[in-house]
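Residues per chain, in single letters:
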Amino acid sequence: MELQIIHYPHPTLRHTSKPLKRVDAELRGMVAQMFELMYEHEGVGLAANQVDLPYRLFISNVTGDPADREAECVFINPVLSHGKGQAEGSEGCLSIPGVHAPVMRKEKITVEAYNLKGEEISAEVDGLFARVLQHETDHLDGTLFIDRLSETQMAEVRDELEEFEIDFDSRRNTGEMPDEATIAARIAELERLRT
């Protein structure tokens, strides 16, 4: 399965991802492709639904450096808790390229998840790593960083978002993009396989 990053306002970005019950060779291959895409687009995190997969899974490498394999993390069925403090920072998204805005997040959080080997991960993280984990977990719940903006901030990026919406509608009208029913059927089939 050839993965690619989907752009706002693709419906899969608003889909609430389902917990994974099965990790197989195909899924490992998908994760490898996700890392390639993340580095190609100069990101530090990528959620499964950003590549049109309905799974509670995301990857990250806060250094953004493909040579730094030690910093690569895979989070399956992540749960965030014990948020502390507040910190504002600029965020962007590979599914809304070129759009950036300040977003308020918890300064510290605890994450519990599984890695690709099925081992449990539990850690308290802060700084950029905490921001990335919150941003990517939002994706799994169908939430985009633009949903966290104030009305004023949203007004500042509205024109750019409309360009994505016009492009999406145009691609759908020419048949380049599948309709809602086709997307929903594909998601249901992928969920049946692994959730």
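Structure's up top.
The paragraphs below set out a description of the structure included in this document. (Residues numbered from 1 in each chain as written. Predicted model: local features only at pLDDT ≥ 70, side-chain atom pairs only at ≥ 80, totals over all residues. Heavy atoms only, no water.)

### Points about the overall build of the chain
Stage number 1. Along the chain, the regular secondary structure elements total 4 helices and 5 strands.
Stage number 2. Its helices and strands in sequence order give the chain the pattern α-β-β-β-β-β-α-α-α, from N to C terminus.
Stage number 3. C-alpha atoms of the chain, sized along the principal axes, occupy 45 × 40 × 30 Å.
Stage number 4. In the chain, which comprises 195 residues, the share counted as buried stands at 46%.
Stage number 5. A separation threshold of at least 6 residues defines the contact pool for the chain, and within that pool the share at least 24 residues apart is 66%. (Helix = DSSP H or I, 4+ residues; strand = E, 2+ residues; numbered from the N terminus. Buried < 20%, exposed > 50% of the residue type's maximum accessible area, 1.4 Å probe, protein only. Contact = heavy atoms within 4.5 Å.)

### Re the nonpolar core
Stage number 1. In terms of nonpolar packing, the biggest core is built from 23 residues, with Leu46, Val51, Leu53, Tyr55, Leu57, Ile59 and Val74 touching the most fellow members.
Stage number 2. Taken together, the elements giving at least two residues each to this core come down to helix 1 (25-40), strand 2 (57-60) and strand 3 (73-91).
Stage number 3. Ranked by residues supplied to this core, first place goes to helix 1 with 8 residues.
Stage number 4. Residues within four places of Leu53 in sequence aside, it is in contact with Met1, Leu3, Thr12, Met30, Ala48, Arg186 and Leu190.
Stage number 5. Residues Tyr8, Cys93, Ile146 and Leu161 belong to the second largest nonpolar core, which totals 15 residues. (Core = buried A, V, L, I, M, F, W, Y, C linked by side-chain atoms within 4.5 Å.)

### Quick notes on the sheet that holds strand 2
Stage number 1. Strand order in the open sheet formed by 5 strands is 1-2-3-4-5, and the pairing between neighbours is antiparallel. What marks the edges here is a single partner per strand, and that holds for strand 1 (45-47) and strand 5 (120-126). With strand direction ignored, the average angle separating the axes of adjacent strands in the sheet is 35°.
Stage number 2. Where strand 3 and strand 4 (residues 101-114) come together, 11 bridges link them in antiparallel fashion. Opposite Leu80, over in strand 4, you have Val111 as the bridge partner.
Stage number 3. Strand contacts of helix 1: strand 1, strand 2 and strand 3, with the helix running at about 45° to strand 2, the strand carrying the most contacts. (Pairing = 2+ DSSP bridges. Axes fitted to C-alpha atoms, helices over the stretch in contact; angles between N-to-C directions.)

### Overview of the environment of Ile59
Stage number 1. Checked against the element boundaries, Ile59 lands in strand 2.
Stage number 2. Along the sequence, Ile59 and Ile76 sit 17 residues apart, while their C-alpha atoms lie 8.8 Å from each other.
Stage number 3. Filtering out sequence-adjacent residues up to four positions away, Ile59 remains in contact with Val31, Met34, Phe35, Met38, Val44, Gly45, Leu46, Cys73 and Val74.

### Some points on the pattern of salt bridges
Stage number 1. All chains considered together, the criterion is met by 18 salt bridges.
Stage number 2. When the shortest N-O distance is used, the salt bridge between Arg158 and Glu162 registers 3.5 Å. Linking Arg158 with Glu162, this pair stays in helix 3 (residues 151-173), spanning 4 residues, or about one helical turn.
Stage number 3. What makes Arg158 partly exposed here is its relative accessible area of 27%.
Stage number 4. When the shortest N-O distance is used, the salt bridge between Arg172 and Glu180 registers 3.1 Å. (Salt bridge = Lys/Arg side-chain N within 4 Å of Asp/Glu carboxyl O.)

### Points about the environment of His139
Stage number 1. In this fold, His139 is placed in helix 2 (residues 127-140).
Stage number 2. Sequence separation between His139 and Arg56 is 83 residues; the distance between their C-alpha atoms is 9.2 Å.

By themselves these figures say nothing about function.
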